[in-house]
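Descriptive analysis of the structure
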Amino acid sequence: MELIVEMNNIRKSFPGVVACDDITFKVRKGEIHALLGENGAGKSTLMNILFGLYQQDQGDILLRGKKVNIANPNVANNLGIGMVHQHFKLVHNFTVTENIILGIEPIRALMVDTRSASARIEDLSERYGLNVDPEAKIEDVSVGMQQRVEILKMLYRDAEILIFDEPTAVLTPQEVQDLIKIMHNLIEEGKTIILITHKLREIMAVADRCTVIRWGKVVGTVNVSDTSEEKLAEMMVGRKVLFDLNKIEAHPAEEILKIENLSVRNSNGMLGLKNFSLGVRCGEIVGLAGVDGNGQTELVETIIGLRKPENGRIFLKGQDISSLSTRKRIETGMAHIPEDRHKHGLILDYTVQENLILKNYYFEPFSRNGLIDWDYVYAHAEKVINDFDVRSGQGVEASARSLSGGNQQKAIVGREIDGNPNLLVAVQPTRGLDVGAIEYIHQRLLEQRDQGKAVFMISLELDEILDLSDRIAVIYNGELVGVVNASETNENEIGLMMAGGKRGAVA
Amino acid sequence: MSVFAVILGLIAGAILMIATGNNPLDGFYFLFRGGLMNIERVGNTLATATPLIFAGLSVAFAFKTGLFNIGGAGQMLIGGLCATAIGLTFDWPKPILLAVIIIAALIGGALWASLPGLLKAKFNVHEVVSTIMMNWIAYWIIFYIVPQYFKGPFLETESQRIPAAASLKVPWLTSLFSGSFINLGFFLAIIVVVISAFILERTTLGYELKAVGYNRDAAGAAGINVNRNVILSMAIAGALAGLGGATFYVGFASNMQIGVLPAQGFDGIAVALLGANSPWGVFAAAIFFGILHTGKGFMNAMTAIPPEIADTIIATIIYFAATSVLIERNWDKLLKFNRDNLLRRKKKESLEVEAGGDQ
């Protein structure tokens, strides 16, 4: 079959790292080609080179057999390359049409001719089954719809090679199904798709071929029909991966965290969380599922005491903690694995040992009379990094910044579990980690549960929620949609709830 | 890197001296000789450095907590005013009087600077703006209080001279340094440097302050009271500058003039920068600046080099210290570039050898 994209021996280095090392990547016309790799493997860098955002240090790019120099994204557009970024680039108070024509507005008699543009968008939308209203404002439409607007933007510019960067990260499972349908429509109309992802299941569902990248190098290109999830995972990680957690039955005991009619304003002053009630018991993992931005941040910040509730109360061990300081809550037995480990989890300029005492530096035996006992702190840190398998070049005296993401996260998990909490609030505990670290952290969370501790896990990864949780709560638009037992539900039901459908409405 | 900045600054100074038609070796010889040639000059260098040590510590301490204290000058004025007012009002034995003066200057500076800290903590008012405003408030307070209550016998624009009992100058020290104006403030400075280093490295207070400075979000999430630390950090910075004010107005000088913001308050920023915000680094940087300030007059007397050259050297060093991060980064890049070139050349050579072997 005819090759449409050829990237030969591409090398790109940034200060300190080689993101792409001699990568050769070939895409056939009319296929869906997945680009698989862990975070930081170099797949986004490679696509940014193809889209003209970066320039390669070495190697060349051939489009339809002709050598091209893609100096910037405009060149890429003219060559028929379009990209849907992970974070959409849309103007929120513009209509769909205005967003799509931005930069290439059709002019008639000194006026922007939105009418003919609208007609064409309507036409494209119908042809590819996108179901987009050209007159709707972006701020009024769902995330899935916004993604389809991004797709229309590419089609409107006559793109033939469509790059999707982690397109399913922000979608509910049903929206993912719709997207897969759309991708097939696009292929039928003669387009070519490059799909950047780290989700194996999607590749199996939609792609024709898959190129796996690890540490900036190509591991191989395979036909999806000849491979399996296990084989792809092994290629991606470089070793066999356990898919099954050894999860024993939960023995939930008394309720430790009780959230009662909680309402919280978000940063814009709107109610981000509305009348939310939920309980978490000792010895169970409660997972909170929901699409990003539906009130999870407000909920977590209020639980740990960084945000004041508008209404409602939070009880920990029967004690009303709604107006206590963060420190008092920690002392009552709450631990927190934050969503953003660089912003809320670690002090990157502190050493590992300094980070490991962030929550207990002020009491004995870590300090005495206001003086820190560095010998004890050192010994404590040694113990924690051994127990939690934190690997660092210079041991506990390395700066936290120098650790890899997985080891940073393990250090945080170690610190939080080491404090022997009764309740662990884990937000996106495995975000951006490689498969090995994910396995490890999942085991640790289960271990907490089995020791009779409570775990409240907030995650955007539905797989993680389904694998780990004993009960699953679903949040949509700041409201609790419902709580279901993990053993009695499936991805489909949770997906519908994540889109706001009440339980029971699902037949 | 600071040493690097100093060397580059001196080179820039040398280039200027050559450009003005002078011999830089002579220039530097007299510049440093002027600061160090005899015991009196050494004493003067240390005396000049004393307020700079305090001002530098003040900026450095606040900076560790992520705050930029530009209010050193105002805090020095308030500390100096407290010291002068007590020195002129009370007639106590010297040890008691000096102890009270020092404590008053410390408290005055601390209270003065905690106000911007409070504004920052409660209303998120940027401390750069509020400390600059506080400088001018202090300036006008001095303008009012000194002529009103402590007017000197001859001039409206300065206070009375403080009595000998209220001065940090002591006869034995003056005679030890053969008539220099070195005073007890220098020893106070050493003590305060030691205490600052101890607080920052060994105590939970220092740990908290630095945690807030490096990442206030993570500190807050870990239960550290960020606002309390912001206020505390500003208060400590103000106390340090206040002490600097006491050593300046009742040690280095012996009265207060109205209508002047002490330049040391701002020079403290440069001292902290060159000293990389570490207490002993600040100490060394202040002494170095003391040498240049003391020696520039001598250099001017002995050569045709204008004293402004010394100021230019200081300014250049500040520039290089400020851009040291940039230098560091480019230094790495340069090393890497050379290494890569070397590797490439080797690879090429080995390839050529192989190709040669085939023929």
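Residues numbered from 1 in each chain as written. Chains lettered and ligands numbered in written order. Predicted model: local features only at pLDDT ≥ 70, side-chain atom pairs only at ≥ 80, totals over all residues.

A look at the overall build of chain B
Regarding its fold elements, chain B presents 15 helices and 0 strands. In chain B, which comprises 359 residues, the share counted as buried stands at 49%. Contacts in chain B between residues far apart in sequence, at least 24 positions, make up 80% of those at least 6 positions apart. (Helix = DSSP H or I, 4+ residues; strand = E, 2+ residues; numbered from the N terminus. Buried ≥ 20, exposed ≤ 12 C-beta atoms within 10 Å, placed from the backbone. Contact = placed C-beta atoms within 7 Å.)

Here we look at the overall build of chain A
The secondary structure content of chain A amounts to 17 helices and 24 strands. When its C-alpha atoms are laid out on the principal axes, chain A stretches across 75 × 50 × 45 Å. Per-residue burial for chain A yields a buried fraction of 45% across its 507 residues.

So, the confidence of the model for chain B
All names here are of chain B. Within chain B, residue pLDDT values average 88, and 90% of them lie at 70 or more. Element-level pLDDT for chain B is lowest in helix H15 (residues 324-358), with a mean of 60, against a maximum mean of 96 in helix H4 (residues 72-89). Interface confidence in the predicted complex, given as ipTM, is 0.79; pTM for the same model is 0.77. (pLDDT = per-residue confidence, 0-100.)

Some thoughts on the interface of chain B and chain A
Every contact between the two is made by 15 residues of chain B and, on the other side, 24 residues of chain A. Among the elements of the structure, helix H9 (204-214) and helix H10 (216-221) of chain B are those that each provide at least two residues to the side of chain B that touches chain A. In terms of residue count, H9 of chain B provides more of the side of chain B that touches chain A than any other element does, 5 residues in total. Its residues assigned to classes, the side of chain B that touches chain A shows 7 nonpolar, 5 polar and 3 charged. (Nonpolar A, V, L, I, M, F, W, Y, C, P; charged D, E, K, R; others polar.)

Points about the pairing of strand S10 (residues 192-197) of chain A
Residues and elements named next belong to chain A. Taken across its 6 residues, S10 has 6 buried, putting it largely inside the fold. The alternating pattern of S10 places Thr 192, Ile 194 and Ile 196 and Ile 193, Leu 195 and Thr 197 on opposite faces, both of which are buried. Pairing geometry for strand S9 (residues 161-165) and S10, over 5 bridges, is parallel. Note on S10: the bridge partner recorded for Ile 163 is Ile 194. (Pairing = 2+ DSSP bridges.)

Considerations on the sheet that holds S9 of chain A
Residue and element names in this part refer to chain A. Ordered in space as S6-S9-S10-S3-S11-S12, the 6 strands form an open sheet in which the pairing is mixed. Bordering the open sheet on either side are strand S6 (81-84) and strand S12 (217-223), each of which pairs with just one other strand. Taking each pair of neighbouring strands and ignoring which way they run, the sheet shows an average axis angle of 20°. Relative to strand S11 (residues 209-214), strand S3 (residues 32-36) is paired through 4 bridges, and the arrangement is parallel. In the sheet register, Ala 34 faces S11, and the bridge partner there is Cys 210. (Axes fitted to C-alpha atoms, helices over the stretch in contact; angles between N-to-C directions.)

Things to note about the pairing of S12 of chain A
All names here are of chain A. For S11 and S12, the ladder comprises 6 bridges, and the chain directions are antiparallel. Pairing of Val 212 across the sheet is with Gly 220, part of S12. Hairpin geometry of S11 and S12 is characterised by an intervening segment of 2 residues between the two adjacent antiparallel strands and by a positive phi of about 50° at Trp 215.

So, the packing of helix H3 (residues 39-64) of chain B against helix H8 (residues 185-202) of chain B
Residues and elements named next belong to chain B. Where H3 contacts H8, the two axes come as close as 9 Å, and the packing angle between them is 20°. In this view, H3 runs roughly parallel relative to H8, as classed from their interaxial angle. As H3 runs across H8, the sense of the crossing is left-handed. Contacts from Leu 46, Ala 47, Thr 50, Ile 53, Phe 54, Leu 57, Phe 61 and Lys 64 of H3 reach H8 at Gly 185, Phe 186, Ala 189, Val 192, Val 193, Ser 196 and Leu 200. (Parallel < 35°, antiparallel > 145°, perpendicular 65-115°, else oblique. Left-handed = near helix turned anticlockwise from the far one by under 90°.)

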